[in-house]
Amino acid sequence: ILARSATTAPTFVARQTVLSPLRVALVELNLMEDAMQVELEFIKLSRKHSVPIVMEHPSTSFCHAPPELQLRAQLEWGKLMYSRGFRDDALQHMMQLGMQHPRARLLGARWATEAASELLVPKVAEAEFAEVKDKLPEDEAAWFYHASYLDQLLKEQIAAKGRPSAAKGRSPGSASVCPFDMCKLVTFTVRGYLQALHRG
C-alpha cells in the first residue's frame, strides 16, 4: 500500500488523505506493526515537505516494534531533529546509533562533512567513509555521499588555487589540508560517482 501510494498519490495532500485514515483503520484492526509503519511513513512525508509534525521519541513509541522498524524510527528521529535545525543533537544521536548501525554512521559522517559543518578533517572523514563502505559495500548512498564529499573538497581546492590568500585562516576541514593532490581528487570523485551509479 505504501509503495502504491507513492506512485498513485504523489502530492503531499493526496498521500496524507491515504495515510491518515489507513493508520486509524490498522489500529482498530489491532495491526499495530503495520500501523507503526504507516505512522513512520507519514512522519517522513511531513519532514520532506517541511510540514510540522510531532514525533514521540522512538524508544517509547516504537519500543514494541521489530528491530528493523525500531532502527528506521531512530534514523527518522535524527533526520527530523536535523531538519529542524538541531544539528548538534542530531549528529550526536547518529554517532551513538552508528556504533551499532552503519547507516546511522553514514548519515553522521555526511552531516559532519557538510560545508557548513566541517567537523571532520579530511583524513578522519576518509576513514569514516571507508569503514562505512566496508560495511555497506553495495549501498548506493554510501558511495554517493563519499563522492559528494570529495566533490566538495575538489571545489574548495579549485577555489583556493584561484584565491591563495582566501585559504588562510580556514578551519581544519578546509581544502588547505586536503590529503589528495588535484589529479587524485578528480579521479577519486569521478570513480565514486560511477560506483554510486553502478549500485543505484
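Calculation criteria
Residues numbered from 1 in each chain as written. Predicted model: local features only at pLDDT ≥ 70, side-chain atom pairs only at ≥ 80, totals over all residues. Heavy atoms only, no water. Helix = DSSP H or I, 4+ residues; strand = E, 2+ residues; numbered from the N terminus. Buried < 20%, exposed > 50% of the residue type's maximum accessible area, 1.4 Å probe, protein only. Contact = heavy atoms within 4.5 Å. Areas by Shrake-Rupley, 256 points an atom, 1.4 Å probe, with all protein chains shown as cover. Salt bridge = Lys/Arg side-chain N within 4 Å of Asp/Glu carboxyl O. Phe/Tyr/Trp six-rings, centres within 6.5 Å; stacked < 30°, edge-to-face > 60°. Axes fitted to C-alpha atoms, helices over the stretch in contact; angles between N-to-C directions. Parallel < 35°, antiparallel > 145°, perpendicular 65-115°, else oblique. Left-handed = near helix turned anticlockwise from the far one by under 90°. Nonpolar A, V, L, I, M, F, W, Y, C, P; charged D, E, K, R; others polar. Core = buried A, V, L, I, M, F, W, Y, C linked by side-chain atoms within 4.5 Å.

It is worth spelling out the overall build of the protein chain at this point. In terms of helices and strands, the protein chain carries 10 helices and 0 strands. When the 200 residues of the protein chain are sorted by exposure, 41% land in the buried category. Long-range contacts, defined here as pairs at least 24 residues apart, represent 53% of the contacts in the protein chain between residues at least 6 apart. In the structure as shown, the protein chain presents an accessible area of about 11600 Å², 58% of it carried by carbon and sulfur atoms.

Further remarks concern the pattern of salt bridges. One pass over the structure, following the stated rule, counts 8 salt bridges. Among the ionic pairs, Asp139 bridges to Arg103, the shortest N-O distance being 2.2 Å. One end of the pair, Asp139, is in the loop between helix H8 (122–135) and helix H9 (140–162); the other, Arg103, is in helix H7 (residues 102–112), and 36 residues separate them in sequence. The buried category is assigned to Asp139, whose relative accessible area is 14%. Put simply, Arg105 and Glu131 hold a salt bridge, and the shortest N to O gap is 2.9 Å. Pair noted here: Arg105 is in helix H7 and Glu131 is in helix H8, with a separation of 26 residues, a long-range link. Through salt bridges with shared partners, one network takes in Arg105, Glu128 and Glu131.

Here the focus is the packing of aromatic side chains. According to the stated counting rule, one finds 4 aromatic pairs in the structure shown. Seen in terms of ring centroids, Tyr82 and Trp111 are 4.1 Å apart; in terms of plane orientation they differ by 10 degrees. Their pairing is stacked. Here the residue Tyr82 occupies a position in helix H5 (residues 67–83), and Trp111 occupies one in helix H7, the gap between them amounting to 29 residues. Take Tyr82: its relative accessible area is 14%, and that puts it in the buried class.

Turning our attention to the packing of H7 against H9. Axis separation between H7 and H9 bottoms out at 10 Å; the angle between their running directions is 15 degrees. One way to sum up the angle between H7 and H9 is to call them roughly parallel. For H7 against H9, the interelement crossing comes out left-handed. Residues Arg103, Leu106, Leu107 and Arg110 of H7 pack against Ala141, Ala142 and Tyr145 of H9. In the contact of H7 with H9, the residues fall into 5 nonpolar, no polar and 2 charged.

Judged by how many residues are buried, H7 sits mostly within the fold: 8 of 11 residues are covered. Residues of H7 that are buried: Ala104, Arg105, Leu106, Leu107, Gly108, Ala109, Trp111 and Ala112. Elements that come into contact with the buried residues of H7 comprise H5, helix H6 (87–97), H8 and H9.

By size, the foremost hydrophobic cluster in this structure holds 45 residues, and its most contacted members are Met55, Phe62, Leu106 and Trp111. Residue assignment for this core shows that the elements contributing at least two residues are helix H2 (12–28), helix H3 (32–48), H5, H6, H7, H8 and H9. Those residues in contact with Met55, other than ones at most four positions away along the chain, are Leu40, Ile43, Phe62, Ala73, Glu76, Trp77 and Leu80.

Taken N-terminus to C-terminus, the directions of H5 and H6 make an angle of 155 degrees; their axes are 7 Å apart at the nearest point. It follows that H5 is roughly antiparallel to H6 by the angle criterion. Relative to H6, H5 is oriented so that their crossing is left-handed. Counted together, Leu71, Gln74, Leu75, Trp77, Gly78, Lys79, Met81 and Tyr82 of H5 and Arg87, Asp89, Ala90, His93, Met94 and Leu97 of H6 form the full contact between these two elements. Across the contact of H5 with H6, the residue classes break down as 8 nonpolar, 3 polar and 3 charged.

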